[in-house]
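# Geometric and topological summary
Given next are the chains, with one letter for each unit.
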Amino acid sequence: MKRRSFLKTASAATLISAVSRTLLAAAPSGQPRIAFGGIGIESSTYSRIRARMVDFSVLTGDALTDSQRFAFLKKYPVPFLPTVVAAATPGGPVERATYDTIKADFLKRLKTLLPLDGLFLPMHGAMFVDGMEDAEGDWMEAARKVVGPDCLLSASYDLHGNVSQRVIDNIDMFSAFRTAPHIDREETMQRSCAMLMHCIEKRIRPTLVWAPIPVLMPGERSSTTWEPGQRLWAQLPKLNMEPGILDVSLLVGYVWADEPRSSASAVITGTAVATEKKIAVSLAQQYWDARKEFQFGTETGTIDYCIERAMKATTHPAILADSGDNPTGGGTSDRAEVLEALLRYKAQNTVFAGITDQPAADKCYAAGVGASLPLSIGGTLDPLGSRPVKANAKVVFLVPTKDPLEREAVVQIEGITLVLSAKRRPYHDIADFTRLGLKPDTYKIIVVKSGYLSPELAPLANPSLMALSDGSINQDIVHLPANKRRIPSYPFVADLTFTPKAIVSARAPA
């Protein structure tokens, strides 16, 4: 398989098949040893809540090997050896003790698998740990110290991950999502793994080149489904066809993290450093030139404006996104301002999914379906963030579960059907409603704690409205609280000047 054609335009399945054949034909002394493990969470430093062990799903051993998320790994003839994969719903900074515990388990399991030829790191890229900057860099540096300098490391990232020199200097390959909303998670991991196996089989140690771009945008203004994101990311597959190029990534970065590495960036993996530099500089310049084009792809306004607009709409359902409290971006998901406004406007035929409030959910379970009871709703995770809403509610549905953290209650409050969840979680897919006995297309107004709508909800919206609400991922980024660590960047510094520079990894072959 020639490097020029590798990862060209073939499907991920074709790539797996091609790499598998070459690996089977080129292993006279036994199969390569490849491990995998990582950690992923998006952490808003503007949030007062903390992500702790209870918030993480931690998979190890057979549970990790058998997980649906990594089922594609079984298509390879070479087994990927499991260590630890930890993932959590985006939120606030990670408690240091939680991070240290997960990291220690990862490193312990990694050591038992030595020697290794390769390590796949499925990461997110926007984790912030209390008392630490560049948490992913810390994780990767620790992994490198365990596996040694000869083991090849390949990482997959979210489009909204933040990159650093420390990250680039400790890994060999890098692949990031190319879509927002993210519909290429598995494809990205497959690119990362196919590239890793290709380089092991061909005995190639590629070089990473990156170009940081001092621009920070919320995902809601930089979707790849409209301009300028659409044209910027559309060119990446063709750039992968360049001789000596293995993967081209362009990242938006994560704006709600106050740390020096927070920025957009271009990251190139390959064996032709001069070409990599050229591509990195070109992408960085294009992104910079387009910085003033980034905009919301849907109608926006205050909470009151969006509710009035939804109520007056002659079509339905109007979907109103409570953007400042979106749990998939790092919101606390317990703010009740939108609920208060809906009640004030006496909104009818409205479904709101949902507000995180474990005490309220527990009271509903204690009362049972059909019961009516007074509830205090909201402000339980971050009492300083918003004030609760006091209301009389009728319990209409309870999810059957023995785990208190999995409780979800559907209640009726005047003309509003409200979902209460014991833990922070999104309601972004049709199944999130139907499993609760709700038919979203029958409502006049649907409220979700979201930014841009998911690929399932977006086609349903008629109209689509995004409330620029307050919260730990407030879309009004230029008025976020004062920062202590973030480098000067646009739009925080409106008259900033910038000349792109390509930076080569310290692991570049001599």
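Definitions and limits used
Residues numbered from 1 in each chain as written. Predicted model: local features only at pLDDT ≥ 70, side-chain atom pairs only at ≥ 80, totals over all residues. Heavy atoms only, no water. Helix = DSSP H or I, 4+ residues; strand = E, 2+ residues; numbered from the N terminus. Buried < 20%, exposed > 50% of the residue type's maximum accessible area, 1.4 Å probe, protein only. Contact = heavy atoms within 4.5 Å. Areas by Shrake-Rupley, 256 points an atom, 1.4 Å probe, with all protein chains shown as cover. Lys, Arg positive; Asp, Glu negative; His and termini not counted. Charge placed at Lys NZ, Arg CZ, Asp CG, Glu CD. Core = buried A, V, L, I, M, F, W, Y, C linked by side-chain atoms within 4.5 Å. Salt bridge = Lys/Arg side-chain N within 4 Å of Asp/Glu carboxyl O. Arc of directions from axis to C-beta. Polar contact = N/O pair within 3.5 Å; in protein donor to acceptor, adjacent residues only side chain to side chain. Disulfide = S-S within 2.5 Å. Pairing = 2+ DSSP bridges. Axes fitted to C-alpha atoms, helices over the stretch in contact; angles between N-to-C directions. Phe/Tyr/Trp six-rings, centres within 6.5 Å; stacked < 30°, edge-to-face > 60°.

Across its full length, the chain holds 13 helices and 19 strands. Dimensions of the chain, computed from the C-alpha atoms along their principal axes, are close to 70 × 50 × 40 Å. Within the chain, the proportion of its 510 residues that are buried is 59%. Within the chain, residue pairs in contact and separated by at least 24 positions form 76% of the contacts whose partners lie at least 6 positions apart. Entry remark: accessible area of the chain is about 19700 Å², with carbon and sulfur atoms responsible for 53%. Between the averaged position of the 57 positive side-chain charges in the chain and that of its 53 negative side-chain charges there is a distance of 4 Å.

Mapped onto the elements, Arg48 comes out in the loop between strand E1 (34–40) and strand E2 (56–60). Residue class for Arg48 comes out partly exposed when judged on its relative accessible area of 48%. The spatial distance from the C-alpha of Arg48 to the C-alpha of Gly91 is 9.3 Å, given a sequence separation of 43 residues.

Counting residues in each nonpolar core, the largest one holds 54 residues, and the members touching the most others are Leu339, Phe352, Leu418 and Leu420. For Leu339, the contacting residues outside a window of four places in its chain are Phe352, Ile355, Ile377, Val389, Ile416 and Leu418. Within the second largest apolar cluster, 44 residues are counted, among which are Phe56, Ala86, Met132 and Ile171.

This brings us to the pattern of salt bridges. Following the criterion strictly, the structure yields 32 salt bridges and no others. Between Arg344 and Glu340 there is a salt bridge, with its nearest N and O atoms 3.2 Å apart. Of the two residues, Arg344 and Glu340 are both situated in helix H11 (residues 337–344); the distance of four residues between them amounts to about one turn of the helix. Its relative accessible area of 45% is what places Arg344 among the partly exposed residues. Through salt bridges with shared partners, a single network forms among Lys103, Asp138, Glu141 and Arg166.

The subject of this paragraph is helix H12 (residues 358–367). Within H12, burial applies to Ala360, Ala361, Cys364 and Tyr365. Along the axis of H12, the buried residues cluster in a sector spanning 140°; they form a single face. As for H12, its buried residues are in contact with strand E13 (372–377), strand E14 (389–398), strand E15 (408–413) and strand E16 (416–421). With a side-chain oxygen lying 2.9 Å from the backbone nitrogen of Ala360, the N-terminal cap of H12 falls on Asp357. Trailing H12 by a residue or two, Gly368 shows a phi angle of about 90°, which is positive.

Applying the stated criterion across every chain yields a total of zero disulfides. Counting only cysteine sulfurs, Cys199 is the nearest neighbor of Cys151, a cysteine outside any disulfide, at a range of 12 Å. Between Cys193, a cysteine without a disulfide, and Cys199, which holds the nearest cysteine sulfur, the sulfur-to-sulfur distance is 12 Å.

With that settled, the discussion passes to the side chain of Asn170. Here Asn170 lies in the loop between helix H5 (165–168) and strand E6 (173–176). The exposure class of Asn170 is buried, given its relative accessible area of 10%. Here Arg166 takes part through its backbone oxygen, which lies 2.8 Å from a polar atom of the side chain of Asn170. Once you skip the residues sitting within four places of it in the chain, Asn170 turns out to touch Met140, Glu141, Arg144, Leu153 and Arg507.

Among the structural elements, Glu220 can be located in the loop between strand E7 (207–213) and helix H7 (229–234). No salt bridge is formed by the buried Glu220. Its closest oppositely charged neighbour is Arg221, at 8.9 Å. One polar contact links Glu220 to Gln475, side chain to side chain, over a distance of 2.9 Å.

The next subject is the pairing of E7. With six of its seven residues buried, E7 lies for the most part within the structure. Bridge count for E7 against strand E9 (residues 264–270) is seven bridges, and the pairing is antiparallel. What sits directly across from Thr207, in E9, is Gly270. Both E7 and strand E19 (residues 503–504) contribute to a ladder of two bridges, which runs antiparallel. Pairing of Trp210 across the sheet is with Ile503, part of E19.

Reading across from one edge, E2-E3-E1-E4-E5-E6 is the order of the six strands in this open sheet, with mixed pairing throughout. If you trace the sheet from one side to the other, it starts and ends with E2 and E6, each paired once. Going across the sheet, the axis of each strand differs from the next one's by a mean of 10°, ignoring polarity. Packed on one face of the sheet, helix H3 (residues 96–112) meets E1, E2, strand E3 (80–88) and strand E4 (118–122) and runs near 175° to E3. Together, E1, E4 and strand E5 (152–157) form the strand contacts of helix H4 (residues 135–147), whose direction differs from that of E5 by roughly 160°.

So, about the packing of aromatic side chains. Applying the stated rule across the entire model yields 10 aromatic pairs. Between Phe106 and Trp139 the ring centres are 4.5 Å apart and the planes differ by 20°, which places this aromatic pair in the stacked class. Taken as a pair, Phe106 in helix H3 and Trp139 in helix H4 lie far apart in primary sequence, 33 residues in all. In terms of burial, Phe106 and Trp139 fall into one category: buried. Seen from their ring centres, Trp288 and Phe498 are 5.2 Å apart, and the 55° between their planes marks the pair as tilted. Here the residue Trp288 occupies a position in helix H9 (residues 273–289), and Phe498 occupies one in the loop between strand E18 (464–467) and E19, the gap between them amounting to 210 residues. We classify Trp288 as buried; its relative accessible area is 5%. When its relative accessible area of 18% is taken as the criterion, Phe498 is described as buried. Site record: aromatic cluster; members linked through ring pairs are Phe36, Phe70, Tyr76 and Phe80.

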